[in-house]
2 protein chains.
Amino acid sequence: MKDFDPWSVGEIKDYGKLIEDFGMESFEAFRQRFDSFRYIRRGIIFGHRDFGKIVEALDKGKPFAMMTGLMPSGRFHMGHKMVADEIIWFQQMGAETYICAADMESYLMRDVSFEDARKTALTEYLSNYFALGLKKRGMRFWFQSDYVPEYYKLRDISSKRVTLNELQSIYGDMTTGKLVSVLSQVADILHPQLELFGGPKPVVVPVGADQDPHIRLTRDIASRLNAKRDSGRDMKCIPPSATYHKFMSGLQGGKMSSSDPKSYVALSEEPKSARKKIMSAMTGGRTTVEDQKERGGEPEKCMVYELLLYHLMDDDLELSRVYHECREGKLLCGECKGICAELLERFLLKHQKKLPSARKKAEKLL
Amino acid sequence: MKDFDPWSVGEIKDYGKLIEDFGMESFEAFRQRFDSFRYIRRGIIFGHRDFGKIVEALDKGKPFAMMTGLMPSGRFHMGHKMVADEIIWFQQMGAETYICAADMESYLMRDVSFEDARKTALTEYLSNYFALGLKKRGMRFWFQSDYVPEYYKLRDISSKRVTLNELQSIYGDMTTGKLVSVLSQVADILHPQLELFGGPKPVVVPVGADQDPHIRLTRDIASRLNAKRDSGRDMKCIPPSATYHKFMSGLQGGKMSSSDPKSYVALSEEPKSARKKIMSAMTGGRTTVEDQKERGGEPEKCMVYELLLYHLMDDDLELSRVYHECREGKLLCGECKGICAELLERFLLKHQKKLPSARKKAEKLL
């Protein structure tokens, strides 16, 4: 049996395979340097591509950027918080911050109206970003449906650098809408390097491991834009870097999904409702108390433990104690859920106090 | 044998088939009303779709628009002049005038750089348009690569209204670049009806018969945008109207093509060079003078006659005399070429005098 440690949640999802099979690199080399950041320290950010370029920019005091996209549908939940924390961390490290509301993609692929997308981007995403600590300064926010012509031009030029066959091999059957979505993502990631925005610079995209195909495609297109292959205005640009995080599981196991309220806790959720969800979450407990006392629980498979690990328990020693006491059968699920619910309620109350002024800040931005 | 008349040039290209097979309508019903316009009077504009809507707007004094695109590559020649004359005619009839420089299409499909496209659009197209009589007032000119976000949004929304299979059945094998080009054309034609530009109104697109697939596709997409089929911001719009003209032949027969200088006379061409091209143009003459005197020439197949018909001889009686004297073997090719070259030189000299100030006007616009 594999030797688990307190940070090994999610290993069962076989993230190692991504590193072996697709040329993603392990984040280990950078872990120590950035271990003040929980997601890095705990191996939740487990992989990267070309992160060395970001480190180099940091070391040389040169400009670099962080780009991320949000899909404006559903409520902002603890899974989104993970991304938000990463955005804010990069911003605090000095990154120019580019945040895209993928309203065209959500319209084309999920049939979300532009009005609804605008509202969700404002009330769910931006408001929570600001409440979590994002600063307006050095930040650029845009909707895919409403941006500068240079952005669309870059998108169109990119279309000349990729064949339909390539796209089909990455994304399966293409539709016209899917193609527009994919090209938009490419431009979202590359456009911070346009002259208009200061020219070529390292850009990091913090994403879930499932987004790697987009990253690889965008890196390929960036290389092809660099190569002067035809008479188009070729764009000098650096293939973007990426960091990869593990997914948060849903509270009932499986996927955390905006379309299934039982799978997540929203950051605007009533603390009482959040407590209830914790109390009925799937754990790594055994079927009987006796069995659990004898064999111990399995924190690696526990949704409650995952919340502590990702969000609620920043002190490693404290978390380690929970982990080992669970494994030794000393800490049972009822008590542990109580601890988690308590921490969660406290977090939500504190966070929700910041929301009204954060929302005003967001409204001003739009 | 078919009974030719002086206006029947090009019938051999079988334009009738387009009307029978593709649901294009004959322009006959409107010919008399608009017969002061040479291209209509002489049946060069031979077909239409929904032109009744334009006539209705004219009758009711309601706003309508004319939209056209230019492919900014090569020199502005007599074939382009035909389109320019149509644009100007519609403008004089009161149409809002929308002119698109398809620089993204020429980049994606013909590898023309954006710098070159800009230069060509200015020095060749716009300058000649103005010299031919286009007015700035009520006119909107744009590059596909540099326009308002609403335009790109409409383009992206359109992508949801057409499948890849449909596009493949119209255009053959699709590439990503071709797809972007096609969607751009759709937005070029439909965007004058955006709220930003005054909302729904009849729009006419004067095109060559070969452009009908674009028109049909755009009309289909317009209908689908009208139908509230999903949560997207549906656009109220009127399926665009079109008029169809016959092609001008190249001076050597075959196609008039920007890439073959022997096939055309450019409007900025040295009059002497133009004369030479006329003197060596393909005519409808017989192989020997004797034969021609006996059987007469064939103006229907004559490139020199075509120039007179389309551009150089506005007086129907005069043209009719040329036609009949040729058919009767009285007017031989040498003399006829001389008449044509003379008229052409006169036209070019007069036109080229207007070019410098027209160019200044164009420069101000960009």
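All of these numbers come straight from a predicted model, not from anything done at the bench. (Residues numbered from 1 in each chain as written. Chains lettered and ligands numbered in written order. Predicted model: local features only at pLDDT ≥ 70, side-chain atom pairs only at ≥ 80, totals over all residues. Heavy atoms only, no water.)

Colleague: Can you help me understand the relation of the copies chain A and chain B in this one?
Modeller: Copies of the same chain, two in number, are related to each other by a rotation about an axis and a translation along it. Superposing chain A onto chain B requires a rotation of 180° together with a translation of 0.0 Å along the rotation axis, leaving an RMSD of 0.0 Å. Such a turn and shift between the copies fits a two-fold axis. Same-surface contact between copies: 100% of interface residues of chain A are shared with the interface of chain B. (Least-squares fit on C-alpha atoms with pLDDT ≥ 70 in both. Contact = heavy atoms within 4.5 Å.)

Colleague: How do you make sense of unusual backbone geometry when you look at a structure like this?
Modeller: Leave glycine aside and you will find that most residues have negative phi; peptide bonds, for their part, are mostly trans. In this structure, D111 of chain A is a non-glycine residue whose phi angle is positive, near 60°. Assignment of secondary structure puts D111 of chain A in the loop between α6 (103-110) and α7 (114-132). (Helix = DSSP H or I, 4+ residues; strand = E, 2+ residues; numbered from the N terminus.)

Colleague: Where do I start with the environment of I99 of chain B in this structure?
Modeller: Residues and elements named next belong to chain B. With respect to the helices, strands and loops of the structure, I99 is situated in strand β4 (residues 96-101). Counting along the chain gives 33 residues from I99 to M66, while the straight-line C-alpha distance between them is 8.3 Å. If sequence neighbours within four positions are ignored, I99 has contacts with T68, L70, I87, Y129, L134, M139, R140, F141 and W142.

Colleague: Is there a simple way to explain the interface of chain A and chain B in this structure?
Modeller: The interface of chain A with chain B comprises 35 residues on the first partner and 35 residues on the second. Among the residues chain A hides against chain B, the three largest losses belong to Y107, D156 and T176 of chain A. Together they make up 21% of the total. Run the count over chain A and chain B and you get 4 salt bridges. We note a salt bridge from K160 of chain B to D111 of chain A, for which the minimum N-O separation is 2.7 Å. Connecting chain A to chain B are 12 residue pairs in polar contact (both at pLDDT 80 or more). Here the element with the most residues in the side of chain A that touches chain B is helix α8 (residues 149-158) of chain A; it accounts for 6 residues. Of the residues belonging to the side of chain A that touches chain B, the class tally is 16 nonpolar, 9 polar and 10 charged. (Buried area = accessible area lost by both parts, 1.4 Å probe. Salt bridge = Lys/Arg side-chain N within 4 Å of Asp/Glu carboxyl O. Polar contact = N/O pair within 3.5 Å; in protein donor to acceptor, adjacent residues only side chain to side chain. Nonpolar A, V, L, I, M, F, W, Y, C, P; charged D, E, K, R; others polar.)

Colleague: What is the right way to read the sheet that holds strand β5 (residues 139-143) of chain A from this model?
Modeller: Residue and element names in this part refer to chain A. Spatially, 7 strands are ordered β1-β2-β7-β6-β3-β4-β5 in an open sheet, and the strand pairing comes out mixed. At either margin of the open sheet sits one strand with a lone partner, and together these are β1 (25-26) and β5. Together, β3 (65-70), β4 (96-101) and β5 form the strand contacts of α7, whose direction differs from that of β5 by roughly 160°. (Pairing = 2+ DSSP bridges. Axes fitted to C-alpha atoms, helices over the stretch in contact; angles between N-to-C directions.)

Colleague: It is not clear to me how the domain arrangement of chain A should be interpreted in this structure. Could you clarify?
Modeller: Buried accessible area, meaning the area lost when the parts come together, often serves as the stated size of an interface. All names here are of chain A. Assigned domains within chain A: domain 1 (11-247) and domain 2 (261-363). Distance between the C-alpha centres of domain 1 and domain 2: 29 Å. Counting from both sides, the interface comprises 26 residues of domain 1 and, opposite them, 29 residues of domain 2. Carbon and sulfur atoms make up 59% of the area that domain 1 and domain 2 hide from each other, which totals about 2400 Å². Per-residue buried area on domain 1 facing domain 2 is highest for R42, R75 and M78; these three make up 28% of the total on that side. Our count for the domain 1 to domain 2 interface comes out at 4 salt bridges. A salt bridge links R38 to D314, with the nearest nitrogen and oxygen atoms 2.9 Å apart. (Domains from an automatic or database assignment.)

Colleague: Could you clarify how one ought to interpret the pairing of strand β6 (residues 203-208) of chain A in this entry?
Modeller: Along any regular strand the residues' side chains alternate between the sheet's two faces. Residue and element names in this part refer to chain A. Here β6 lies mainly inside the structure; 6 of its 6 residues are buried. Judged by which residues are buried, β6 turns out to be covered on both faces: V203, V205 and V207 on one side and V204, P206 and G208 on the other are all buried. Note that β3 and β6 share 2 bridges and pair parallel. From the neighbouring strand, A65 faces β6, where its bridge partner is V203. Here 5 bridges tie β6 to strand β7 (residues 241-245), and the two strands are oriented parallel to one another. Bridging from a neighbouring strand, P206 pairs with T243 of β7. (Buried < 20%, exposed > 50% of the residue type's maximum accessible area, 1.4 Å probe, protein only.)

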